[in-house]
Amino acid sequence: VKNLEINKAKKEKKKYGIYIYMLIPKQYKYMFGDDLEQDCHFLFCYLEDMNLPTSNNRKELNPVITSSGNHARPQSSLFGLTSFSTYGGKVGEEYKREESEKYKGYYKSKLMLEYPEMNDVFKEFTDKYIPNFKYQQIIINKNFQCLPHKDKNNVGVSNIIALGDYTGGELMIQANGYVRKCDIHHKFKEFNGCIHTHWVEPFTPTRYSLVFYNIID
């Protein structure tokens, strides 16, 4: 089933993923094999099924400028835990988040509540390819060419991978007076974004990046 849907997605550029996953009995939900390249294509299909909102939090890192002269809101969304217990809806409305069973005082992000099945998808993917790395948060970026910056609230190292049939988009890391160009297309890269300035080179067309990291020591 996996190979069939991946080939169809590649040829027809259709969205698959979440809906297929929900139809498969839990005991058979092992969608990833031993081929990272192929599994990245399949994970890309899952991400394409998600409706990722734009974010106001990181817009100063977006090189795209609106007609009003401001930085555009990028598609950069949190999937995981947050210390904020509520989130906003329509003007004047506020909603309570669900508290984490494991980490008291931390709450499930809006995206995590909207797509709970993706928690299993991400866990299976990371258990397969970075089994010794534990994380509490994932940043999902879509078509976000991030400007030079250092991370603020991450604890320890992060793991990043990029997905999609794009060109360009290398991760640039500045360390010890040198700048290193890292190809993270369907490859994991571990680095400390709090210590090292990093940014993304221009790319085209569609590029996702997933950043797995911790906020709790």
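Our subject is the structure that appears above.
Residues numbered from 1 in each chain as written. Predicted model: local features only at pLDDT ≥ 70, side-chain atom pairs only at ≥ 80, totals over all residues. Heavy atoms only, no water.

Student: I'd like a description of the overall build of the chain, backed by residues and values.
Tutor: Scanning the chain for helices and strands turns up five helices and 13 strands. Put simply, the chain has 217 residues, and 46% of those count as buried. Looking at the chain alone, contacts between residues at least 24 apart form 72% of all its contacts between residues at least 6 apart. (Helix = DSSP H or I, 4+ residues; strand = E, 2+ residues; numbered from the N terminus. Buried < 20%, exposed > 50% of the residue type's maximum accessible area, 1.4 Å probe, protein only. Contact = heavy atoms within 4.5 Å.)

Student: Requested: an account of the side chain of Ser77, with residues and values cited.
Tutor: You can see Ser77 is positioned in strand S1 (residues 75-82). Assessed through its relative accessible area of 5%, Ser77 is described here as buried. Of the polar contacts made by the side chain of Ser77, one reaches the backbone oxygen of Pro53; its length is 3.3 Å. The contact partners of Ser77, leaving out residues within four places of it in the chain, are Leu52, Pro53, Leu111, Ile138, Ile139 and Ile140. (Polar contact = N/O pair within 3.5 Å; in protein donor to acceptor, adjacent residues only side chain to side chain.)

Student: Let's hear about the packing of aromatic side chains: which residues, and what values?
Tutor: Throughout the structure, instances matching the rule amount to 11 aromatic pairs. Seen from their ring centres, Phe122 and Phe212 are 6.3 Å apart, and the 80° between their planes marks the pair as edge-to-face. Separated by 90 residues along the polypeptide, Phe122 in helix H5 (residues 117-129) and Phe212 in strand S13 (residues 208-214) bring together distant segments of the chain. Phe212 carries the same exposure label as Phe122, and that label is buried. Here Tyr135 and Phe212 contribute two aromatic rings whose centre-to-centre distance is 5.0 Å and whose plane-to-plane angle is 70°, an arrangement assigned as edge-to-face. (Phe/Tyr/Trp six-rings, centres within 6.5 Å; stacked < 30°, edge-to-face > 60°.)

Student: Lay out the environment of Phe122 with the relevant residues and their values.
Tutor: Since its relative accessible area comes to 1%, Phe122 is described here as buried. When near neighbours in sequence (up to four residues on either side) are disregarded, Phe122 contacts Leu43, Leu47, Phe79, Tyr135, Ile138, Ile140 and Leu210.

Student: How would you sum up the side chain of His149? Please name residues and give values.
Tutor: With respect to the helices and strands, His149 occurs in the loop between strand S5 (137-142) and strand S6 (155-163). At 3.4 Å, the side chain of His149 forms a polar contact with the side chain of Asp151. Excluding residues that lie within four positions of it along the chain, His149 makes contacts with Arg58, Leu61, His196, Thr197 and His198.

Student: Report on the sheet that holds strand S11 (residues 197-200), specifying residues and quantitative values.
Tutor: One open sheet holds the three strands; their spatial order is S9-S8-S11, and the pairing between them is antiparallel. The two strands at the open ends of the sheet, each matched to only one other strand, are strand S9 (178-182) and S11. On average, each strand axis in the sheet is inclined to that of its neighbour by 20°, with strand direction left out of account. Inspection of the sheet shows strand S8 (residues 171-175) paired to S11 by four bridges, in the antiparallel sense. (Pairing = 2+ DSSP bridges. Axes fitted to C-alpha atoms, helices over the stretch in contact; angles between N-to-C directions.)

Student: Outline the nonpolar core, listing residues and values.
Tutor: One finds Leu43, Leu47, Met118, Phe122, Ile140, Leu163 and Leu210 to be the most contacted residues of the largest nonpolar core, which totals 28 residues. Where this core is concerned, the elements lending two or more residues are helix H3 (36-48), helix H4 (110-114), H5, S5, S6 and S13. Element by element, the count of residues in this core is highest for H3, at six residues. Setting aside its immediate chain neighbours within four residues, Leu47 contacts Met118, Phe122, Ile140, Leu163, Tyr208 and Leu210. Counting residues in hydrophobic clusters, the runner-up holds 18 residues, among them Leu171, Ile184, Phe191 and Ile216. (Core = buried A, V, L, I, M, F, W, Y, C linked by side-chain atoms within 4.5 Å.)

Student: So what's going on with H5? Which residues, and what values?
Tutor: Under the 1.5 Å per step criterion, the end-to-end length of H5 is 19 Å for 13 residues, consistent within 8% with the ideal 18 Å. Within H5 the residues assigned to the buried category are Glu117, Met118, Val121, Phe122, Glu124, Phe125, Thr126 and Tyr129. (Expected span 1.5 Å × (residues − 1).)

Student: Help me get a handle on the sheet that holds strand S10 (residues 189-191), residues and values and all.
Tutor: Spatially, six strands are ordered S4-S1-S5-S13-S6-S10 in an open sheet, and the strand pairing comes out antiparallel. The sheet is open, and its two borders are formed by strand S4 (107-108) and S10, each paired with just one other strand. Across three bridges, S6 lies against S10 in antiparallel orientation. Within S10, the position partnered with Ser158 by the bridge is Phe191. In this fold H5 packs onto S1, S5, S6 and S13, with an angle of close to 90° to the strand it touches most, S1.

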